[in-house]
Amino acid sequence: MSIQNLNTFDPFADASKGADDDVQDGLVHIRIQQRNGRKTLTTVQGLSSEYDLKKIVRACKKEFACNGTVIEHPEYGEVLQLQGDQRENICQWLTKAGLAKPDQLKVHGF
Amino acid sequence: MAEDEAIFDPTLKKKKKKKKTTFDIDAALAEGDAPESTTNGLEDNEAPPAQEDADDNADIDLDFTKQKKKKKKKPFSTDDLEAALTDIKDETGAGEGGGQDDEAIDDNFDLDFNKLKKKRKNKKNLDEIMAEVDDKTDDKENVDDNAITWTGSDRDYTYEELLNRAFEIMRDKNPDMAAGKKQKFVMRPPQVVKVGAKKTSFANFTEICKMLHRQPKHLLDFLLAELGTSGSVDGNNHLIIKGRFQQKQLENVLRRYIKEYVTCHTCKSPDTILQKDTRLFFLQCETCGSRCSVASIKSGFQAVTSKRAAIRAKTA
């Protein structure tokens, strides 16, 4: 005889797993920084550590025709850094590749 | 008179079936009452002991005409109906028959005779006055009905009409809301001046802080974190930012600041207070009383944009 009330049921089972395994959680901050002259730098912070950032940066460099690198930061983890104002490009690319949802992207800067 | 009622009822029911709307029944009732009362009064005037037979006949005749009229009116448009209503009123009230149907005209002749007599005898009897009062009340009812334009018709109401009606009722019920329809939040644009080649001055920085009711430090932190640069307030209360920025760009950043830290997240009112409570910033709305936490200002990752050799020289 089984007592239904006492069955173990974890209400947070699917919450901890995440709604969608393919899409990462947390915000992705996309920032722009001014360099000398009219040069700029775009940084992408907060991408999930499950992704291979090196592969991403390789694809981005090819797609946007710019240089870029992955920087290890003690606090923020791996940060993508691209040359030039790539804010629009990286937003579109991340959503198109299904790495992040549009509402997870947070664009900073002017 | 019992027979009269028996005759009356089916006609009323028919009317209901034909017209479907509640307003029409009222109008029809008013229509039915007006001539009846007048005729009754007239007959009474003529013969105080109330010749029941004559009365009955008159009523029955009137009823028939009404039925016929209804049948003919049915295919007409609402305007015609209203016109007809007013016509009937004219006929009964003023006396001169302008009826559109043959039967109506016939009846009107009968009525006219009565009315001619009535005019001669006028201003004596209570019944007369009562009848007039009845007429007046009928008029009032009809006026009320006409105030709302689409009453009396059974066409489908358009979405626009219903929406307007709902809004009108809303405005009537609470005039406060109508006054504060949508309070536009007007901001003065930031005055941005270039300082040399690499710096930008935000001239009315403190003024804008006052307008937003925010600490200059808070706005300064936000601006510098968003723009990813450094800067400070100089002696003339101008904000000097490192880097070249245009007014349009700073407007964008200011707009984001206002959206996040000034307008209430619930009711969008700019009448808010920013409080710091146990390391967290809370936005307290003065209008709706809501209180919610807002994101803390973080500058996040900052890439190295200056010359590395210079940094090394500084630190070492």
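Structural data are supplied above this passage.
None of these values were measured; they are calculated from a predicted model.

**Student:** Is there a simple way to explain the packing of aromatic side chains in this structure?
**Tutor:** Centre-to-centre distance and the angle between the planes together describe a pair of aromatic rings. Residues and elements named next belong to chain B. Overall, the coordinates contain four aromatic pairs over all chains when judged by the stated rule. Here the aromatic rings of Phe-202 and Phe-205 are separated by 5.7 Å at their centres, their planes lie at 65 degrees, and the arrangement is edge-to-face. One exposure class covers both Phe-202 and Phe-205, and it is buried. Linked through ring pairs, Phe-222, Tyr-257 and Tyr-261 together constitute an aromatic cluster. When the ring centre of Phe-282 is taken as reference, the NZ or CZ atom of Arg-291 above it lies at 4.5 Å.

**Student:** Is there a simple way to think about the sheet that holds strand 3 (residues 68–73) of chain A in this case?
**Tutor:** Paired through their backbone hydrogen bonds, the strands of a sheet run either parallel or antiparallel. Residues and elements named next belong to chain A. Across the sheet, which stays open at both edges, the five strands sit in the order 3-4-2-1-5 with mixed pairing between neighbours. Whereas interior strands pair on both sides, the edge strands pair on one side only; in this sheet they are strand 3 and strand 5 (105–107). Within the sheet, the average angular offset between the axes of one strand and its neighbour, ignoring direction, is 25 degrees. Pairing of strand 1 (residues 28–34) with strand 5 involves three bridges; the strand directions are parallel. Considered in strand 5, the bridge of His-29 is made with Lys-106. Together, strand 3 and strand 4 (77–83) form the strand contacts of helix 2 (residues 53–64), whose direction differs from that of strand 4 by roughly 10 degrees.

**Student:** Whenever I open this one, helix 9 (residues 205–212) of chain B confuses me. Can you help?
**Tutor:** Three- or four-residue spacings in an α-helix give side chains the same orientation, since the helix completes a turn every 3.6 residues. All names here are of chain B. Here helix 9 has its buried residues at Phe-205, Ile-208, Cys-209 and Leu-212. Along helix 9, the residues classed as buried sweep out an arc of 105 degrees about the axis, all on the same side. On its buried face, helix 9 is in contact with strand 2 (199–202), helix 10 (216–227), strand 3 (231–233), strand 4 (239–242) and helix 11 (247–262). Two residues or fewer after helix 9 comes His-213, characterised by a positive phi angle close to 60 degrees.

**Student:** Just checking my understanding: could you explain the sheet that holds strand 2 of chain B for this structure?
**Tutor:** Residues and elements named next belong to chain B. Pairing is antiparallel in the open sheet, where four strands are placed in the order 1-2-4-3. Edge positions in the sheet fall to strand 1 (192–195) and strand 3, since each of these pairs with one other strand and no more. Averaged over all neighbouring strand pairs, the angle between strand axes comes to 20 degrees, with direction disregarded. Here strand 3 runs beside strand 4; their pairing, made up of three bridges, is antiparallel. Opposite Val-233, over in strand 4, you have Leu-239 as the bridge partner.

About the criteria used
Residues numbered from 1 in each chain as written. Chains lettered and ligands numbered in written order. Predicted model: local features only at pLDDT ≥ 70, side-chain atom pairs only at ≥ 80, totals over all residues. Heavy atoms only, no water. Phe/Tyr/Trp six-rings, centres within 6.5 Å; stacked < 30°, edge-to-face > 60°. Buried < 20%, exposed > 50% of the residue type's maximum accessible area, 1.4 Å probe, protein only. Lys NZ or Arg CZ within 6 Å of the ring centre and 35° of its normal. Pairing = 2+ DSSP bridges. Helix = DSSP H or I, 4+ residues; strand = E, 2+ residues; numbered from the N terminus. Axes fitted to C-alpha atoms, helices over the stretch in contact; angles between N-to-C directions. Contact = heavy atoms within 4.5 Å. Arc of directions from axis to C-beta.

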